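Here's the letter readout for the chains.
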Amino acid sequence: MRFDIITIFPHLLDSYLAESLLKRAQNNNLLSINTHDIREYTNDPHKKVDSTPYGGGPGMVYQVEPVVNTLEAIPRSPKNLVILTSPRGKPFTQKMSQQLAKYDQLIFVCPRYEGIDERIKKYIDKEVSIGPYVLNGGEIAAMVMIEAISRHIPGVLGKASSLEEESFSKEGILEYPQYTRPEVFRKSRVPKVLLSGNHKNIREWRDKKSRKTTPSGQK
Ligand code: SAM
């Protein structure tokens, strides 16, 4: 799968991509993450990509032309989707991450400042928000989505079963609590059932805990 990030800060995510599971996935040719610097596609002699908003108001707005030029320079796979990161977009969910993992290529447009000229809408397929709050730019939002989507690409996770057990995967319920060594930490003990070796009881205990932690609207 191919991911493209359209940004004015193409190196913002470098150190993260050099250290994480996504690095291994790229080395194994399971995915590629490519960044594109909008400033390379502006006709402005000072490499400006923004301007003041028509109608007045604070801040600067990304101009549509350099972003469309960048979009048009990116090679396209047959099954691609262009996503605009935006607090006004559709909320990103685990279900959406599964659906997006079926594409060959996802292109993320990542504005900053006050956002982007509304005329970009003609060139995007989906507007997505990662939550009801405002970030400084779309790069971190794109990275959050790329990471969640990549987990569904076969081979990216060590064990595919990690995905099946995970929060939101089974009927939207959250995962059960996990424990590991030592058995006792400062008088706090691992629940006995997990040490019993009785798989049926362990399954039932985990199921009960999962349902208890999941907010009622999600079950
Ligand atoms: N003026 C915009 C508003 O009030 O809706 C906020 C712009 S924000 C400072 C700059 C950029 O960060 C946005 O254009 C978007 O790309 C990104 N961004 C901010 N919050 C986001 C969120 N919750 N989800 C996805 N992208 C977000």
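About the thresholds
- Each chain carries its own residue numbering, running from 1 in the written order of its sequence.
- For a predicted model such as this one, the threshold for reporting local features is a pLDDT of at least 70, and the threshold for listing and counting side-chain atom pairs is 80 or more; totals across whole chains, interfaces and linings nevertheless cover every residue.
- Side-chain figures throughout are based on the complete set of non-hydrogen atoms in the structure, without hydrogens or water.
- Starting at the N terminus, helices and strands are each numbered in turn, a helix being any DSSP run of H or I of at least four residues and a strand any DSSP run of E of at least two.
- C-alpha atoms define the radius of gyration in this analysis, and the globule rule sets the expected value at 2.2 Å times the number of residues to the power 0.38.
- To sort residues, take the accessible area from a 1.4 Å probe on protein chains only and compare it with the maximum for the residue type: under 20% means buried, over 50% means exposed, and anything in between is partly exposed.
- Note on definitions: a residue-residue contact is assigned when non-hydrogen atoms from the two residues lie within 4.5 Å.
- Here a residue is considered near a molecule or strand provided that any single heavy atom belonging to it is located within 4 Å of it.
- We call two N or O atoms a polar contact when they sit within 3.5 Å, provided that within protein one can donate a hydrogen and the other can accept it, with sequence-adjacent residues counted only if both atoms are side-chain atoms.
- Residue polarity is assigned by list, with Asp, Glu, Lys and Arg as charged and Ala, Val, Leu, Ile, Met, Phe, Trp, Tyr, Cys and Pro as nonpolar; anything else, Gly included, falls into the polar class.
- To estimate how far a helix should extend, the number of its residues minus one is multiplied by 1.5 Å.
- The arc in question is the one spanned by the directions pointing from the helix axis to the C-beta atoms.

Colleague: Please explain the overall build of the chain as it appears in this structure.
Modeller: Along the chain, the regular secondary structure elements total seven helices and nine strands. Whereas a compact globule of 219 residues would reach a radius of gyration of roughly 17 Å, the chain reaches 22 Å, over 25% beyond that. With 219 residues in all, the chain has 40% of them scored as buried. Of all intrachain contacts in the chain linking residues separated by at least 6 positions in sequence, the fraction that spans at least 24 positions is 75%.

Colleague: Please explain the site of the ligand as it appears in this structure.
Modeller: Lining the immediate environment of the ligand, one finds 19 residues, of which Thr 85, Ile 130, Gly 131, Tyr 133 and Leu 135 sit closest. The contact in question runs from an oxygen atom of the ligand to an N or O atom on the backbone of Thr 85, over 2.8 Å. Residue Leu 135 places a main-chain N or O atom 3.0 Å away from a nitrogen atom belonging to the ligand. At three residues, strand β5 (residues 80-91) tops the list of elements feeding residues into the shell around the ligand. Taken together, the residues of the shell around the ligand break down into nine nonpolar, eight polar and two charged.

Colleague: Where do I start with helix α7 (residues 199-213) in this structure?
Modeller: The periodicity of an α-helix, 3.6 residues per turn, causes residues three or four places apart in sequence to face the same way. Along its 15 residues, α7 runs 21 Å from first to last C-alpha, staying within 8% of the 21 Å computed at 1.5 Å per residue. Of all the positions in α7, only Ile 202, Trp 205 and Ser 210 are classed as buried. For α7, the angular spread of buried residues about the axis comes to 135°, placing them on one side. Looking at α7, the residues exposed on the side facing more than 90 degrees away from the buried face are Lys 200, Arg 203, Lys 208 and Lys 212. Its side-chain oxygen placed 3.2 Å from the backbone nitrogen of Lys 200, Asn 198 serves as the N-cap of α7.

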